[in-house]
Amino acid sequence: MRWSKTLIPTIKEIPQDAEIASHQLMLRAGLIRKLSGGLYTFLPLGLKALRKIERIVREEMDRAGAIEILMPALQPREIWERTGRYATLRDTMFKILDRQNRHLVLGPTHEEVVTDLVAHEINSYRQLPKTFYQIQVKFRDEIRPRFGLMRAKEFVMKDAYSFDTSWEGVEKSYQAMYNAYVRIFERVGLRTKAVEADSGAMGGSASHEFMVLAESGEDGIVECGDCAYAANTERAERKLAAAASPEPPPAARVATPNSRTIEEIAAFLKVKPEMLIKTLIYVVKGQPVAVCIPGHRELNEHKLARALGADVQMADDATVEKATGAPLGFAGPVGLTIPVYADAELASGQASIAGANAADTHLLNVRFGRDAQVAAWHDLVICREHDLCPRCGQPMREKRGIEVGHVFKLGVKYSQALDAMYLDEAGNRQTLIMGCYGIGVTRTLQAVIEQSHDANGIVWPASVAPFEVAVLPLNVNHAETMRVAEELVAALEAQGLAVLMDDRDERPGFKFKDADLIGFPVRAVVSERSLAEGKIEIKQRTATDKKMVPLAEAAGLIAGLIREA
Ligand code: ATP
Ligand code: MG
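No experiment lies behind these values; they were computed from the predicted model shown.

Parameters at a glance
Residues numbered from 1 in each chain as written. Chains lettered and ligands numbered in written order. Predicted model: local features only at pLDDT ≥ 70, side-chain atom pairs only at ≥ 80, totals over all residues. Heavy atoms only, no water. Helix = DSSP H or I, 4+ residues; strand = E, 2+ residues; numbered from the N terminus. Buried < 20%, exposed > 50% of the residue type's maximum accessible area, 1.4 Å probe, protein only. Contact = heavy atoms within 4.5 Å. Areas by Shrake-Rupley, 256 points an atom, 1.4 Å probe, with all protein chains shown as cover. Lys, Arg positive; Asp, Glu negative; His and termini not counted. Charge placed at Lys NZ, Arg CZ, Asp CG, Glu CD. Core = buried A, V, L, I, M, F, W, Y, C linked by side-chain atoms within 4.5 Å. Domains from an automatic or database assignment. Donors = N, O, S within 2.8 Å, 3.2 Å for Na, K, Ca; no water. Pairing = 2+ DSSP bridges. Axes fitted to C-alpha atoms, helices over the stretch in contact; angles between N-to-C directions. Near = heavy atom within 4 Å. Polar contact = N/O pair within 3.5 Å; in protein donor to acceptor, adjacent residues only side chain to side chain. Salt bridge = Lys/Arg side-chain N within 4 Å of Asp/Glu carboxyl O. Expected span 1.5 Å × (residues − 1).

### Topic: the overall build of the protein chain
When its secondary structure is counted, the protein chain shows 15 helices and 31 strands. Per-residue burial over the protein chain gives 52% buried out of 565 residues. Within the protein chain, contacts between residues separated by at least 24 positions form 70% of all contacts whose residues are at least 6 apart in sequence. Accessible surface for the protein chain amounts to roughly 25600 Å². Of this, 50% is attributable to carbon and sulfur atoms. Separation between the mean location of the 70 positive side-chain charges and that of the 75 negative ones in the protein chain comes to 1 Å.

Structure follows, in structure tokens:
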């Protein structure tokens, strides 16, 4: 391919509205262009890289025995109502009316559609197990689309769904997908870490996310420095240091005028936030409950929902005032008539200052069990750096990650709702047990760049590079230079390599900069000076040194370098 015959609009300046390196580089290297917020056009180079990732994903899905299908993006609202997800995903879904006023949605995921398919097409244990997959566009009305392809409104996902007759079967299907994911991310040149993820009602290690560690990641991860434990902070648990404080003197009221937030109260009373009990009012199954956590920690709503076995919602101001009998900011566990759930760390008694459920007042020396009754103790907070590993008790580290893949044991939620049954050996009707597995293909593409770039531009792994080699004839008006460059391109293509010839009539420095920006794994320069010696100059993107090699050997040498990479 010749540069002049395609569209590669590189940009020198850093685009204003791109915050992270990979987003800036995708724009600067001419891989994508923004149509509007969260919507992007793939230009030729971006599309080539995307297709290479898709191909690797497809090969590994096929190798794992998954069956490719393609489901519609446009779906009737009705199947979403049958699983109850029209209510829970309503705001995320783009909703459409057709000319007959029928309600449709643009699929944010495909559990409903695939389960409906299987409900109709599979009926015997003889046809099972089966895993179906597709590589397809998803639509999500994200609250904050940002970082380019990382969080888009329209993006490409590989989604797969397994159907089994037993839990042992699900485990096997899950492992097969997990292993395929490990291979896929390895092949696209990404270093990923599989972490335990929140699995809603399923519990256990029913879900793992594949994370690319990066400062710009939107997910928090904690990992143990000692054992293999690693989890999304949404999910992570912690071991508590066993240190019970001595019984305090009787609780006493203290005036805290206008001090409502943890910071304000801590400053006013001149104590550390750790000394405070943070009391939050939530609504669970229509009823208010109080949730107490240490003042310096954040509530993990996923854990609260799991502990209470129900959806949880922060109470509105009126509900808080009614439940506590006090203005906002003075809630505490003492004397409440609603159930109090407390984080297990509070059992140590270290935190002992709480709202008094009265305006401008707090209580000192509050002791759970003595002054306030607890309905149940749970692990309710978001894990942080230095928390102790739940497995081995060693301090954990906190990192940031980009979620590129997610594997999930689903159970029977969708098969039950959509009647996906099969006949077992004894002729009894049984419910199918499902798993689901997603890779953000477009997000993966950008994650590769986020993880692999330098000050000059992208550093593509050869497996996903849009072109493996750039051939740069320095003087395009010199006939011999062009003849040799074309010969080299042909020889490289004969080796099975994808080659781009920069045939623009530009200064050498300009071409070098663009080649580095785009990040071709190998750059081959044909100049009048090198030709005088019967040689060309080659440089790997990752190397600092250049090599002069004889013309006749160049193609074979470059092919060798690419194979090694
Ligand atoms: P996130 O927590 O980042 O919003 P998710 O957990 O909602 O993602 P899944 O439903 O697990 O996403 O989707 C599978 C994969 O699709 C994710 O692992 C991610 O790689 C990708 N993905 C999800 N949302 C987006 C998006 N808005 N833009 C690009 N890729 C996305
Ligand atoms: Mg996910």
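### Description of the nonpolar core
Among the nonpolar cores identified, the biggest contains 61 residues, and Leu31, Met61, Tyr181, Phe185 and Trp460 are the most heavily contacted of them. If one sorts the elements of this core by residue count, helix H2 (residues 44-63) sits on top with seven residues. Residue assignment places this core across two domains, with domain 1 (13-237 + 398-449) and domain 3 (467-564) each supplying three or more. Counting residues in hydrophobic clusters, the runner-up holds 26 residues, among them Ile538, Val549, Ala555 and Leu561.

### Observations regarding the coordination of the magnesium ion (ligand 2)
For a metal with four tetrahedral donors the ideal donor-metal-donor angle is 109.5 degrees, whereas six octahedral donors ideally subtend 90 or 180 degrees. Summarising the metal site, the magnesium ion (ligand 2) is bound by the protein donors Glu403 (OE) and His406 (ND1), whose distances to it range over 2.3 Å. Classification of Glu403 as partly exposed rests on a relative accessible area of 21%.

### Comments concerning the sheet that holds strand E4 (residues 74-76)
Reading across the sheet, the three strands line up as E4-E6-E5 and stay open at both edges, with antiparallel pairing between neighbours. One side of each edge strand has no neighbouring strand; the edge strands of this open sheet are E4 and strand E5 (94-97). Strand after strand, the sheet turns through a mean of 35° between neighbouring axes, direction not considered. Bridge analysis of E5 against strand E6 (residues 103-106) gives four bridges, and the strand direction is antiparallel. Bridging from a neighbouring strand, Ile96 pairs with Leu104 of E6.

### Examining the side chain of Arg504
In this structure, Arg504 sits in the loop between strand E28 (499-501) and helix H13 (508-518). Contacts of Arg504, omitting those with residues within four sequence positions, involve Trp3, Val476, Phe510, Lys511 and Asp514.

### Let's talk about the environment of Leu27
Turning to its location among the elements, Leu27 is positioned in helix H1 (residues 21-28). You can call Leu27 buried: its relative accessible area is 9%. With 161 residues separating them in the primary sequence, Leu27 and Val188 have C-alpha atoms 21 Å apart. Aside from chain neighbours lying at most four places away, what touches Leu27 is Pro9, Ile11, Pro15, Ala18, Ile32 and Arg33.

### Comments concerning the domain arrangement of the protein chain
You'll often see interface size given as the accessible area lost when the parts meet. What the domain assignment lists for the protein chain is domain 1 (13-237 + 398-449), domain 2 (252-378) and domain 3 (467-564). The gap between the C-alpha centroids of domain 2 and domain 3 is 67 Å.

### Quick word on the site of ligand 1
Around ligand 1 sit 14 residues in total, of which Arg140, Glu142, Arg151, Ala152 and Glu403 are the nearest. Met150 is positioned with one of its backbone polar atoms (N or O) 3.3 Å from a nitrogen atom of ligand 1. One of the backbone nitrogen or oxygen atoms of Gly440 is found 3.3 Å away from an oxygen atom of ligand 1. When isolated, ligand 1 has an accessible area of 580 Å², and the protein chains bury 82% of it.

### Digging into the pattern of salt bridges
This structure, assessed with the given rule, holds 44 salt bridges. Note that Asp387 is salt-bridged to Arg297, the shortest N-O span being 2.6 Å. Linking Asp387 in the loop between strand E20 (376-378) and strand E21 (396-411) with Arg297 in the loop between strand E15 (287-294) and helix H8 (301-308), this pair joins segments that are 90 residues apart in sequence. Arg297 carries the same exposure label as Asp387, and that label is buried. Glu487 is paired through a salt bridge with Arg483; the nearest N and O atoms lie 2.4 Å apart. Of this pair, Glu487 and Arg483 both sit in helix H12 (residues 479-494), separated by four residues, roughly a single helical turn. Since its relative accessible area comes to 48%, Glu487 is described here as partly exposed. The network of salt bridges with shared partners includes Arg238, Arg297, Lys303, Asp343, Glu345, Asp379 and Asp387.

### Topic: helix H15 (residues 551-564)
Here H15 is 14 residues long and its end C-alpha atoms lie 21 Å apart, about the 20 Å a rise of 1.5 Å per residue gives. Taken together, the buried positions of H15 are Ala554, Ala555, Ile558, Ala559, Gly560, Leu561 and Ile562. Considering only its buried residues, H15 is in contact with strand E27 (469-473), H12, strand E29 (522-526), strand E30 (535-540) and strand E31 (547-550).

### Considering unusual backbone geometry
The peptide bond linking Leu128 to Pro129 adopts the cis configuration, its omega dihedral lying at 0°. Position of Pro129 relative to the elements: it lies in the loop between helix H5 (111-121) and strand E7 (130-139). A positive phi is found at Phe147, a non-glycine position, where the angle reads about 60°. In this fold, Phe147 is placed in the loop between E7 and strand E8 (154-164). Here Phe147 falls in the buried class, since its relative accessible area comes to 9%. The backbone of Asp419 shows a phi angle near 65°, a positive value even though the residue is not glycine.

### Details of the side chain of Lys539
Its location among the elements puts Lys539 in strand E30. Here Lys539 sits buried without a salt bridge, and the closest side chain of opposite charge, Asp516, lies 4.6 Å off (N-O distance). Within the structure, Lys539 has its side chain in polar contact with the backbone oxygen of Ala543 (distance 3.1 Å). Lys539 has contacts with Pro521, Val522, Arg523, Thr544, Asp545 and Lys546, leaving out every residue within four places of it along the chain.

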